[in-house]
Amino acid sequence: GAAVRKGGAVQHLCPGSFHNVVIKAPPVNLGNYRGGSRGEEPLLLSMVYVPTPRNNGKQSGRDLLRLGRHRLYTTPFSTYETEVKKQLTSMFGANGFDAERDLEAITVNRWSHGYAYVYMDLYDHSWEKGQAPHEVGRKPIGSISIANSDSEAIPYLQEAVDAAWRAVEEQTRG
């Protein structure tokens with residue numbers, strides 16, 4: 001942790017890098033646990049990778065979101081591991097960071113909700129209420145209800161929560 005702390009910043013913006021944001025996680029206090037590390041103690045970093053495919057001139061926004069999500073899922077763990085080590089070494093190596101010695105673990109969360117397609121008035125036509133693709137795709141089938149950001153066609157947490165509420169309501173109605 002000392003090599004990263006020596007850099008001083010809490011958040012690093014890294015345009016053009018595999019991970020475009022690197023953030024030192026804030027300390028967490030939970031029950032008897034008191035977070036916050038100092039000196040040589042370990043620390044948690046969050047690194048953000050957002051695949052952004054280049055448009056070949058023939059692709060729609062929907063196509064690009066689909067490609068980004070696909071890249072997120074199909075990138076092997078070994079690529080994430082290599083890129084984490086390479087980037088952190090580049091950022092903090094001069095401060096004494098050694099990826100092989102200093103990294104305890106790498107966890108990859110492939111959160112694809114950010115690629116949920118939002119309809120765009122310029123490109124998408126209007127559907128009658130209940131007929132848009134996300135509405136048709138989330139229709140309950142027996143005791144199964146669909147709830148996620150895709151089912152609301154908006155890539156935000158609050159929409160996923162609203163979708164969960166809707167799905168529970170569908171299953172508990174009379």
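For clarity, every value in this text was computed on a predicted model and none was experimentally measured. (Residues numbered from 1 in each chain as written. Predicted model: local features only at pLDDT ≥ 70, side-chain atom pairs only at ≥ 80, totals over all residues. Heavy atoms only, no water.)

**So, the overall build of the chain**
In terms of regular secondary structure, the chain is built from 6 helices and 5 strands. Reading the secondary structure of the chain in the N-to-C direction produces α-β-β-β-β-β-α-α-α-α-α. For the chain, whose C-alpha radius of gyration is 21 Å, the value lies well above the compact-globule estimate of 16 Å for 174 residues. Principal-axis analysis of the C-alpha atoms places the extent of the chain at approximately 60 × 50 × 25 Å. By the burial criterion, 27% of the 174 residues in the chain qualify as buried. Pairs at least 24 residues apart make up 54% of the contacts formed inside the chain by residues separated by at least 6 positions. (Helix = DSSP H or I, 4+ residues; strand = E, 2+ residues; numbered from the N terminus. Rg over C-alpha atoms; globule rule 2.2 N^0.38 Å. Buried < 20%, exposed > 50% of the residue type's maximum accessible area, 1.4 Å probe, protein only. Contact = heavy atoms within 4.5 Å.)

**So, the packing of aromatic side chains**
As enumerated under the stated definition, the model contains 5 aromatic pairs in all. With 5.7 Å between their ring centres and 85° between their planes, Y117 and Y119 make a pair best called edge-to-face. Its relative accessible area of 12% is what places Y117 among the buried residues. Judged by centre distance (5.0 Å) and plane angle (55°), the rings of Y119 and W127 are tilted. By relative accessible area, which is 23% here, Y119 ends up partly exposed. (Phe/Tyr/Trp six-rings, centres within 6.5 Å; stacked < 30°, edge-to-face > 60°.)

**Re the confidence of the model for the chain**
When pLDDT is low, close inspection of the predicted coordinates is not appropriate. Model confidence for the chain is summarised by a mean pLDDT of 89, while 96% of its residues fall at 70 or above. Confidence, read as mean pLDDT per element, is least for strand β4 (residues 33-34) in the chain (73) and greatest for helix α3 (residues 77-92) (96). (pLDDT = per-residue confidence, 0-100.)

**Description of the nonpolar core**
Residues A3, V4, C14, V22, V84, L88, F92, F97 and A99 constitute the largest nonpolar core, which totals 9 residues. Among the elements that make up this core, the one with the highest residue count is α3 (3 residues). What F97 contacts, discounting residues up to four positions off in sequence, is A3, L88, T89, F92, D102 and L103. (Core = buried A, V, L, I, M, F, W, Y, C linked by side-chain atoms within 4.5 Å.)

**Structural notes on the pattern of salt bridges**
Applying the stated criterion across every chain, the model contains 10 salt bridges. Salt-bridge contacts for K85 lead to E100; the nearest nitrogen and oxygen are separated by 3.2 Å. On the criterion of sequence distance, the pair formed by K85 in helix α3 and E100 in helix α4 (residues 99-102) is long-range, its members being 15 residues apart. K85 gets classed as partly exposed once you look at its relative accessible area, which sits at 21%. Here E152 ties to R166 by a salt bridge, and the two come within 3.2 Å at their closest N and O atoms. Of this pair, E152 sits in the loop between α5 (133-137) and α6 (157-172) while R166 is found in helix α6, placing the two residues 14 residues apart along the sequence. Counted as one network, the salt bridges with shared partners bring together R138, E152, R166 and E170. (Salt bridge = Lys/Arg side-chain N within 4 Å of Asp/Glu carboxyl O.)

**Considerations on a nonpolar patch on the surface**
Judged by side-chain polarity, V28, L30 and Y33 come together as a nonpolar surface patch covering roughly 350 Å² of accessible area. Tracing the backbone shows Y33 in strand β4. Look at Y33 and you get exposed, because its relative accessible area is 53%. (Patch = residues over 30% accessible without salt bridge, like charges linked within 9 Å, V, L, I, M, F, W, Y side chains within 5 Å. Areas by Shrake-Rupley, 256 points an atom, 1.4 Å probe, with all protein chains shown as cover.)

**Comments concerning the side chain of S151**
The residue S151 is located in the loop between α5 and α6 in this model. Polar contacts involving the side chain of S151 include one to the side chain of R166, which spans 3.1 Å. (Polar contact = N/O pair within 3.5 Å; in protein donor to acceptor, adjacent residues only side chain to side chain.)

**Observations concerning unusual backbone geometry**
The phi dihedral of A153 falls on the positive side, at around 60°, and the residue is not glycine. Structurally, A153 can be placed in the loop between α5 and α6. Overall, A153 belongs to the buried group, its relative accessible area being 6%.

**With respect to helix α2 (residues 61-74)**
A rise of 1.5 Å per residue sets the reference length of α2, with its 14 residues, at 20 Å; its end C-alpha atoms lie 20 Å apart and thus fit the reference within 8%. Within the sequence span of α2, burial applies to L64, G68, R69 and L72. Burial along α2 is one-sided: seen end-on, the buried residues are contained in an arc of 135°. (Expected span 1.5 Å × (residues − 1). Arc of directions from axis to C-beta.)

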